[in-house]
Amino acid sequence: MMATRAYIEDGYTEEGFIKEVPGIHEEVRFKFRPVLASKQRETLDRWHEIKSEVKSERINNLIKEQLVEWDLTFNKKLLPIETKILERLKQPVVDRIFNIITSTDKSDEELKKVLKQREEDAKN
């Protein structure tokens, strides 16, 4: 059973889920290592003083460091988690991933239902 924790031990991962927004993006499932507070502060350091290109670079670097896997595909091929892909994603997807891995937002509720069903199935 996976439980969300306040303490992040080394190697700990969580599952994230972003529900589909019709006409904007499909659903996204991913596995990630939650961001430590010190790393989040480093990423956001002098945020209001830096250029947008630097902000995007910091966000993309943090996402690449923390994501373990995702299910984003294009033309039936799994997309690699790399800068050139992150730069081509629609902003709401990148923003939600960033907010979920930094614990400033939570996954959409559907994931909790899926995980609960898996737990129930495992008991039977």
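One numbering rule holds for all chains: residues counted from 1, following each sequence as written. Side-chain atom pairs in this predicted model are given and counted only at pLDDT of 80 or more, local residue features only at pLDDT of at least 70, and totals for whole chains, interfaces and linings cover all residues. Hydrogen atoms and water are omitted, and side-chain values are computed over all heavy atoms in the structure.

Think of it this way: a Phe, Tyr or Trp ring, Trp meaning its six-membered ring, pairs with another when their centres are within 6.5 Å, and the plane angle makes it stacked under 30 degrees, edge-to-face over 60, tilted otherwise. What the rule picks out here adds up to one aromatic pair. Where phenylalanine 30 meets phenylalanine 32, the ring centres are 5.6 Å apart and the plane angle is 45 degrees; that geometry is what we call tilted. Residue classification places phenylalanine 30 among the buried positions, given a relative accessible area of 4%. Under the scheme applied here, a residue whose accessible area is under 20% of the maximum for its type counts as buried, over 50% as exposed, and between as partly exposed, the area being computed with a 1.4 Å probe on protein chains only.

Looking only at helix α4 (residues 91-101), the buried set comprises Val93, Val94, Arg96, Ile97, Phe98, Ile100 and Ile101. Contact between two residues is taken to exist if any of their heavy atoms lie within 4.5 Å; hydrogens are not considered. Under the DSSP-based scheme used, a helix requires at least four consecutive residues in state H or I and a strand at least two consecutive residues in state E, with every element numbered from the N terminus. Tucked inside the fold, the buried residues of α4 contact β1 (14-18), β2 (28-32), α1 (37-44), α2 (52-66), β3 (67-70) and α3 (83-86). Just past α4, the residue serine 103 takes up positive phi, approximately 65 degrees.

Right, let's get into the sheet that holds β2. The sheet built from three strands is open, its strands ordered β1-β2-β3 with antiparallel pairing. Strands at the two margins of the open sheet, each flanked by one partner only, are β1 and β3. Going across the sheet, the axis of each strand differs from the next one's by a mean of 25 degrees, ignoring polarity. Sheet analysis places β2 next to β3, joined by three bridges and oriented antiparallel. Paired with phenylalanine 30 across the strands is tryptophan 70, a residue of β3. Axis definition: a line fitted to C-alpha atoms, limited for helices to the stretch in contact. Angles are taken between N-to-C directions and run from 0 to 180 degrees. Contacts between α2 and the sheet are confined to β2 and β3, with β3 contributing the most and set at about 85 degrees to the helix. The pairing criterion is simple: DSSP has to find at least two bridges between the two strands.

Another aspect to go through is a negative patch on the surface. In this scheme, patches are assembled from residues that exceed 30% relative accessible area and form no salt bridge. Like charges are connected within 9 Å, while nonpolar side chains (Val, Leu, Ile, Met, Phe, Trp, Tyr) are connected within 5 Å. Only the protein chains shown count as covering a residue, and every accessible area follows the Shrake-Rupley method with a 1.4 Å probe. Put simply, a salt bridge is a Lys or Arg side-chain nitrogen that is within 4 Å of an Asp or Glu carboxyl oxygen. His is not counted, nor are the chain ends; Lys and Arg add positive charge and Asp and Glu add negative charge. Charge positions come from single atoms, namely NZ of Lys, CZ of Arg, CG of Asp or CD of Glu. Together, Glu20, Glu26, Glu69 and Asp71 give the surface a local cluster of negative charge. Classification of glutamate 20 as partly exposed rests on a relative accessible area of 47%.

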